[in-house]
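Listed below are the residues making up each chain.
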Number of protein chains: 2
Amino acid sequence: MSPRRSVAEARRTRERILDRGIAIASVEGLEGLTIGRLATDLGMSKAGVLGHFGSKEALQLAALEEASAIFNRVVWEPAAQLAPGLTRLRAVCERWITYLEREKGAFPGGCLFTTASMEFDARGGPVHDAVARLFLVWRRRLAHEVWLAAAAEELPRETDPQQVAFELMGLYMVLNQSVQLIGDASAPDRTRRAVARLLGGGG
Amino acid sequence: MSPRRSVAEARRTRERILDRGIAIASVEGLEGLTIGRLATDLGMSKAGVLGHFGSKEALQLAALEEASAIFNRVVWEPAAQLAPGLTRLRAVCERWITYLEREKGAFPGGCLFTTASMEFDARGGPVHDAVARLFLVWRRRLAHEVWLAAAAEELPRETDPQQVAFELMGLYMVLNQSVQLIGDASAPDRTRRAVARLLGGGG
DNA sequence: CCTACCGATCGGTAGG
DNA sequence: CCTACCGATCGGTAGG
C-alpha cells in the first residue's frame, strides 16, 4: 500500500498508460492526447502519469513507438515468414486492410500515424521527425518488397518500386479516410481491386 | 472612431478573419484555430473576433465554407469551361496538383480538408458532417467526370467511375502528405504518372 | 505514485 | 468592436 511500487509494477503501469494513450490519440490526435484525460481515464493523478515520461512530448513519442510496434506485429510480422516477392507483398497488403477496417482495426479512431502526419506536417520538432521517419521507413520497406517481386520476375521488368509504394500509400490513406470519416463499407474491396491491378493480380 | 462600424466594414473584417483563419487552420487544424490566436494575429480582441460568428464551431464551419469556395475557384472553375470528358478531367487533375504544391499551393499548411478529415473522422457533430459532405461531393463530381469521359468512349467501357474517383482521392492524399510531411519533390510527378495511367494517358 | 499548486490559455459572457 | 471577467483545462513543478 506504499506509494512506491516495484519496477515491474511501474512498467505495467507504463504499458497501461500507453495502451490507453494510443486509443485516445487515434481518436483525438497526438495533441488531443492530454495528460489530464489520461489520468482521468486511468484513475490516476496527472503527476503520476507524467512521471513515467517527463513531458507531453516524450509521452507522444512513446505512444508513437508503441503504436509502431503494434503496426509491425499486426501487419508485417505475420507475413514476414512468407516467401519474399509477390506472395509476401500481397499478404502484407491484405493484413494492412484488416488493420484499417472499422471493427477489426487495431486502433478505435483509425490509423494513428495518418492522423499524426496531418497534425504535425506543418510543424518542426521531434514528433514531426518521428512521424516522418515512420512513413519513410514503411515506404522504403514497401518499395523493397516490390523490388524483390520484380527481381523474381513476378512483376514486369519496367516496374518502378518507388512509384508502386507511393500509390499503395495513397490507397491506404483513402481507405482509412473512407472507413473513418464516411463509413464507406465498399472501401476495403475497392482497395483490394486497386492493389490487385497495381500488383498485376487482375484487371 | 466609434466602435460601431458600417455593415461593409464589418463584412471586410469578417473576410480578414476568415482569410487568416484558413491559414491558421491549414497549419494547426480546425481545433488549433483558436479565437485568441486569431485575435492576436489580427490585432483585435477575442470578443471582437467571436462576435462575427458566435461560437468556435460556427467559426470552423465558416472557415470550411470559405476554404471550399477557394478550392472551387482554384481547382474546378478554371476547368469548368473546357469540353466535358477526358480533357476537362485532366485539366482538373493538373490544377489539383498545383493546389497542393509547396510554393504554389492555396494554403500554407497543405490541404485543410484532409487535415480536418483526420481531426474529425472519429467525432460527431456539425463540423464532422460538413467535412464528410465536402469529400462526398467532390468524389461524386470526380466520378461524374469519369463517367462523362467513359460515355464519350474516351475511357474503356468497363471503367468504374467510382473506383477511379476513389483511387484519385488516394493519390492526392499521398501527394499532400509527401509534400507537407516529407518535402518530397518527386511527389507531383509521381502523381501525374499515376493519374496518366489511371486515365489512360500512358503506361 | 500522491496532493497541492503555478501561470497560461481555452471558449465564452456581460455590458457598453 | 472594446474591456473586464468567468470557470475549466492545459502542461508542468515542488515536495513528499
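Above this text sits the structure in question.
Here the structure is a predicted model, which means the values were calculated and not measured.

Draft legend 1. Quick look at helix α8 (residues 161-182) of chain B. Residue and element names in this part refer to chain B. Helix length check: α8 (22 residues) gives 31 Å between terminal C-alpha atoms against 32 Å at 1.5 Å per residue, within 8%. For α8, the buried fraction is high: 20 of the 22 residues fall into the buried class. Structurally, the start of α8 carries an N-cap: the backbone nitrogen of Gln 162 is 3.1 Å from a side-chain oxygen of Asp 160. At the exit of α8 stands Gly 183, carrying a positive phi of roughly 65°.

Draft legend 2. Inspection of the side chain of His 128 of chain A at higher detail. With respect to the secondary-structure elements, His 128 of chain A resides in helix α7 (residues 126-151). Here His 128 of chain A falls in the buried class, since its relative accessible area comes to 12%. Here the side chain of His 128 of chain A touches Asp 129 of chain A through a polar contact of 2.9 Å, side chain to side chain. Setting aside chain neighbours within four positions, we find His 128 of chain A in contact with Phe 120, Asp 121 and Arg 123 of chain A together with Leu 181 of chain B.

Draft legend 3. The arrangement of the nonpolar core in detail. With 134 residues, the main nonpolar core has Trp 96, Phe 113 and Tyr 172 of chain A together with Trp 96, Phe 113 and Tyr 172 of chain B as its most contacted residues. Setting aside residues no more than four positions away along its own chain, Tyr 172 of chain B makes contact with Cys 93, Trp 96, Ile 97, Leu 100, Thr 191 and Val 195 of chain B.

Draft legend 4. Structural context of helix α6 (residues 112-120) of chain B. Taken across its 9 residues, α6 of chain B has 9 buried, putting it largely inside the fold. Of the residues making up α6 of chain B, those classed as buried are Leu 112, Phe 113, Thr 114, Thr 115, Ala 116, Ser 117, Met 118, Glu 119 and Phe 120 of chain B.

Draft legend 5. Main features of the state of the cysteines. All names here are of chain A. Applying the stated criterion across every chain yields a total of 0 disulfides over all chains. Free of any disulfide, Cys 93 has its nearest neighbouring cysteine sulfur in Cys 111, separated by 14 Å. Accessibility expressed as a relative area gives 3% for Cys 93, which makes it buried.

Draft legend 6. Representation of the interface of chain A and chain B within the structure. If you look at the interface, chain A gives 42 residues, while chain B gives 42 residues. Interface area, chain A with chain B, both sides summed: about 3,700 Å², of which 56% is carbon and sulfur. Per-residue buried area on chain A facing chain B is highest for Phe 166, Leu 181 and Arg 190 of chain A; these three make up 19% of the total on that side. Applying the counting criterion to the chain A and chain B interface returns 10 salt bridges. As a salt-bridge pair, Glu 167 of chain B and Arg 197 of chain A come within 2.3 Å of each other at their nearest N and O atoms. For the pair chain A and chain B, the number of links is 16 residue pairs in polar contact (both at pLDDT 80 or more).

Draft legend 7. Up close: the relation of the copies chain A and chain B. When chain A is fitted to chain B, the best match, at an RMSD of 0.0 Å, comes from turning it 180° and sliding it 0.0 Å along the axis. Classification of the inter-copy transformation places it as that of a two-fold axis. Scanning chain A for the C-alpha nearest the rotation axis identifies Gly 170 of chain A, at a separation of 2.0 Å. When the interface residues of chain A are mapped onto chain B, 100% of them again fall at the interface, so both copies present the same face.

Draft legend 8. Representation of the protein's contact with DNA strand C in the model. As a structural note, the neighbourhood of DNA strand C is formed by 16 residues, with Thr 13, Ser 45 and His 52 of chain A together with Thr 34 and Lys 56 of chain B the closest of them. When the atoms of DNA strand C within 4 Å of the protein are sorted by group, sugar and phosphate make up 61%. Within the side chain of Thr 13 of chain A, one N or O atom sits 3.0 Å away from a phosphate oxygen of DNA strand C. One of the side-chain N or O atoms of Lys 46 of chain B is found 2.9 Å from a base nitrogen in DNA strand C. Listed by contribution, the elements that provide at least two residues to the surface near DNA strand C are α3 (46-50) of chain A together with α2 (35-42) and α3 (46-50) of chain B. With 3 residues, α3 of chain B is the single largest residue contributor to the surface near DNA strand C. Residues that form the surface near DNA strand C fall into these classes: 6 nonpolar, 7 polar and 3 charged.

Draft legend 9. Just the protein's contact with DNA strand D, in detail. Neighbouring DNA strand D are 17 residues, the closest being Thr 34 and Lys 56 of chain A together with Thr 13, Ser 45 and His 52 of chain B. Counting only the atoms of DNA strand D within 4 Å of the protein, the fraction contributed by sugar and phosphate is 61%. Thr 13 of chain B is positioned with one of its side-chain polar atoms (N or O) 3.0 Å from a phosphate oxygen of DNA strand D. Taken together, the elements giving at least two residues each to the surface near DNA strand D come down to α2 (35-42) and α3 of chain A together with α3 of chain B. For the surface near DNA strand D, the element with the highest residue contribution is α3 of chain A, accounting for 3 residues.

Conventions adopted
- Residues numbered from 1 in each chain as written.
- Chains lettered and ligands numbered in written order.
- Predicted model: local features only at pLDDT ≥ 70, side-chain atom pairs only at ≥ 80, totals over all residues.
- Heavy atoms only, no water.
- Helix = DSSP H or I, 4+ residues; strand = E, 2+ residues; numbered from the N terminus.
- Expected span 1.5 Å × (residues − 1).
- Buried < 20%, exposed > 50% of the residue type's maximum accessible area, 1.4 Å probe, protein only.
- Polar contact = N/O pair within 3.5 Å; in protein donor to acceptor, adjacent residues only side chain to side chain.
- Contact = heavy atoms within 4.5 Å.
- Core = buried A, V, L, I, M, F, W, Y, C linked by side-chain atoms within 4.5 Å.
- Disulfide = S-S within 2.5 Å.
- Buried area = accessible area lost by both parts, 1.4 Å probe.
- Salt bridge = Lys/Arg side-chain N within 4 Å of Asp/Glu carboxyl O.
- Least-squares fit on C-alpha atoms with pLDDT ≥ 70 in both.
- Near = heavy atom within 4 Å.
- Nonpolar A, V, L, I, M, F, W, Y, C, P; charged D, E, K, R; others polar.

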